[in-house]
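Read off the chains here:
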Amino acid sequence: DVKVTQSSRYLVKRTGEKVFLECVQDMDHENMFWYRQDPGLGLRLIYFSYDVKMKEKGDIPEGYSVSREKKERFSLILESASTNQTSMYLCASVSRGNTEAFFGQGTRLTVV
Amino acid sequence: SQQGEEDPQALSIQEGENATMNCSYKTSINNLQWYRQNSGRGLVHLILIRSNEREKHSGRLRVTLDTSKKSSSLLITASRAADTASYFCATDDSSASKIIFGSGTRLSIRP
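First, a word on scope: everything that follows refers to the structure included in this document. Quantities reported herein were computed from a predicted structural model and do not represent experimental measurements.

### Re the environment of Thr 99 of chain A
Residue and element names in this part refer to chain A.
Right, on to step 1. Tracing the chain through its elements places Thr 99 in the loop between strand S9 (87-94) and strand S10 (102-103).
Right, on to step 2. Classification of Thr 99 by relative accessible area gives buried; the value is 14%.
Right, on to step 3. On a C-alpha basis, the gap between Thr 99 and Asp 59 in space is 19 Å, while along the polypeptide they are 40 residues apart.

Next up, the structure:
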């Protein structure tokens, strides 16, 4: 079974901190995604990557950056956390040529 | 950006009844998928229907796709309490590698 692991289920950070959310997948998938999920807004795409060191902006990239140094790991970085970044963050991976996305369990981030 | 929009936003039905959720999208797609999310968890893939298909079944799930109306429906037959979850449709961007999700339908099954 494909496994997508996010480093934390729950995280509390202070405003202005630099925050790293890590995602690791074990099935050699090329494509990886970061979404945030807020009530009534569904999943919104922040960034995605289709190869090592490649990244593309999604619909709401402001305030975020990403890093893909290894194929299995896709990191989401909040450069300076703000309270409006309090949300559920979901990582997903997809094999190239396929479209079924496999999700991690989510990280609920609270910025205080 | 294209996005699936689910309808209704919330649905509450009696156990044993059928549940129908609808999804509309804006641009051409290669395929459409439905996912399920239990409270506070990640999403799990349920079923995929390709743009050249009109209907697909998987167990108690039935999905239809009408590309002329840019809409899809998910039918869950003989609902069970364990079906309580949020359901999302997702479409791919045919020109890129993005998968775009809708806002979801929250389904509650009453015992």
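### Quick notes on the sheet that holds strand S1 (residues 5-7) of chain B
All names here are of chain B.
Right, on to step 1. Spatially, the five strands line up as an open sheet ordered S1-S3-S8-S7-S6, and their pairing is antiparallel. Each of the sheet's edge strands pairs with one partner strand only, and the pair in question is S1 and strand S6 (55-58). On average, each strand axis in the sheet is inclined to that of its neighbour by 20°, with strand direction left out of account.
Right, on to step 2. The pairing of strand S3 (residues 19-24) with strand S8 (residues 71-76) spans six bridges and is classified as antiparallel. Looking at S8, one finds that Cys 23 is bridged to Ser 72.

### Details of the sheet that holds strand S3 (residues 19-25) of chain A
Residues and elements named next belong to chain A.
Right, on to step 1. Taken together, four strands build an open sheet; the order of strands is S1-S3-S8-S7 and the sheet is antiparallel. Every interior strand has two partners, whereas the edge strands, strand S1 (4-6) and strand S7 (64-70), have only one. On average, each strand axis in the sheet is inclined to that of its neighbour by 20°, with strand direction left out of account.
Right, on to step 2. Bridge count for S7 against strand S8 (residues 73-78) is five bridges, and the pairing is antiparallel. Looking at S8, one finds that Ser 65 is bridged to Ile 77.

### Focus: the packing of aromatic side chains
Right, on to step 1. Counted under the stated rule, the structure contains eight aromatic pairs over all chains.
Right, on to step 2. Pairwise contacts between aromatic rings join Phe 33, Tyr 35, Phe 48 and Phe 103 of chain A together with Tyr 35 and Phe 101 of chain B into one cluster.

### Considerations on the environment of Asp 59 of chain A
Right, on to step 1. Here Asp 59 of chain A is to be found in the loop between strand S6 (56-57) and S7.
Right, on to step 2. Placed 12 residues apart in sequence, Asp 59 of chain A and Tyr 47 of chain A show a C-alpha to C-alpha distance of 7.8 Å.

### A few points about the interface of chain B and chain A
Right, on to step 1. Opposite the 20 residues of chain B that make contact, chain A presents 21 residues.
Right, on to step 2. Between chain B and chain A, roughly 1,700 Å² of surface is buried when both sides are summed, and carbon and sulfur atoms account for 55% of that area.
Right, on to step 3. Here chain B is connected to chain A by one salt bridge.
Right, on to step 4. A salt bridge links Lys 98 of chain B to Asp 59 of chain A; the shortest N-O distance between them is 4.0 Å.
Right, on to step 5. Scanning the region where chain B abuts chain A turns up six residue pairs in polar contact (both at pLDDT 80 or more).

The rules behind the values
Residues numbered from 1 in each chain as written. Chains lettered and ligands numbered in written order. Predicted model: local features only at pLDDT ≥ 70, side-chain atom pairs only at ≥ 80, totals over all residues. Heavy atoms only, no water. Helix = DSSP H or I, 4+ residues; strand = E, 2+ residues; numbered from the N terminus. Buried < 20%, exposed > 50% of the residue type's maximum accessible area, 1.4 Å probe, protein only. Pairing = 2+ DSSP bridges. Axes fitted to C-alpha atoms, helices over the stretch in contact; angles between N-to-C directions. Phe/Tyr/Trp six-rings, centres within 6.5 Å; stacked < 30°, edge-to-face > 60°. Contact = heavy atoms within 4.5 Å. Buried area = accessible area lost by both parts, 1.4 Å probe. Salt bridge = Lys/Arg side-chain N within 4 Å of Asp/Glu carboxyl O. Polar contact = N/O pair within 3.5 Å; in protein donor to acceptor, adjacent residues only side chain to side chain.

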